[in-house]
Amino acid sequence: MNNLKYYNDSLAYDFQMFMPKEKPVNTGDNIVKMPESRKNTRTNRRAASRFSVSVFSVVATVILVGALCANLVLRISVNELNNDINKAKSELAMKQSESVALQMEYENRISYINLEAEATALGMRKLDKNQVVYVRVNDKNMAKNGDGEVITSKQ
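Residues numbered from 1 in each chain as written. Predicted model: local features only at pLDDT ≥ 70, side-chain atom pairs only at ≥ 80, totals over all residues. Heavy atoms only, no water.

Enquirer: I would appreciate a short explanation of the overall build of the protein chain in the present structure.
Expert: When you go through the protein chain residue by residue, the secondary structure sums to three helices and two strands. The N-to-C order of helical and strand elements in the protein chain reads α-α-α-β-β. Within the span of the protein chain, comprising 155 residues, buried residues form 0% of the whole. On the protein chain, roughly 15900 Å² of surface is accessible, and the fraction owed to carbon and sulfur atoms is 59%. (Helix = DSSP H or I, 4+ residues; strand = E, 2+ residues; numbered from the N terminus. Buried < 20%, exposed > 50% of the residue type's maximum accessible area, 1.4 Å probe, protein only. Areas by Shrake-Rupley, 256 points an atom, 1.4 Å probe, with all protein chains shown as cover.)

Laid out in structure tokens, this is it:
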């Protein structure tokens, strides 16, 4: 509202501004007619909400099926890895038993009894007392070997 005219014209007041506003007269009809386009928007809203619910349910179903498929794929890969681990463990156990068998065979081949049997087969025998030759050293610390050579402690 432009109040500048009251300041420029006169000193009179416009009392209309301070009067209570009149209420609209009620004719008794409480029926309000809605335009036709509103009815269409309601049906459009209902259709849109039905469409959005159906789209949401389809998207949720696709996500759920995708998650189940991913879970299935991960379980299959875990089972394959477990099978590989079990194969490697059984192979390791087999190699360890083979190693123990080879160690036992090695120990049997180098045992004292087998060595004695091989020596006897080659014609060797244990040392007897008559085969031992004792060397006496006199005060001069000299010895004579089988060739007749004299060995002294100074050499």
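Enquirer: Help me understand the pattern of salt bridges in this model?
Expert: A side chain with one charge may pair with a side chain of the opposite charge, provided their charged atoms come close. Tallied over the full model, the rule gives one salt bridge. Among the salt bridges present, the one from Arg125 reaches Asp128, with a minimum N-O distance of 4.0 Å. We classify Arg125 as exposed; its relative accessible area is 64%. According to the relative accessible area criterion, Asp128 is partly exposed, its value standing at 34%. (Salt bridge = Lys/Arg side-chain N within 4 Å of Asp/Glu carboxyl O.)

Enquirer: Looking at this structure, how should I read a nonpolar patch on the surface?
Expert: A cluster of nonpolar side chains, namely Phe51, Val55, Val59 and Ile63, defines an oily patch on the protein surface of about 380 Å² accessible area. Here Ile63 shows up in helix α2 (residues 36-109). The exposure class assigned to Ile63 is exposed, which follows from its relative accessible area of 57%. (Patch = residues over 30% accessible without salt bridge, like charges linked within 9 Å, V, L, I, M, F, W, Y side chains within 5 Å.)

Enquirer: Can you help me understand helix α3 (residues 112-121) in this one?
Expert: Since one α-helical turn is 3.6 residues long, residues separated by three or four positions face the same way. Of all ten residues in α3, zero are buried; the element is thus mostly exposed. Downstream of α3 by one or two residues, Gly123 has phi in the positive range, about 95°.

Enquirer: Whenever I open this one, the confidence of the model for the protein chain confuses me. Can you help?
Expert: Low pLDDT marks regions whose predicted coordinates should not be analysed in detail. The share of residues in the protein chain with pLDDT of 70 or more is 75%, and the mean pLDDT across the chain is 79. Here helix α1 (residues 4-8) is the element of the protein chain with the lowest mean pLDDT, 55, and α2 is the one with the highest, 88. (pLDDT = per-residue confidence, 0-100.)

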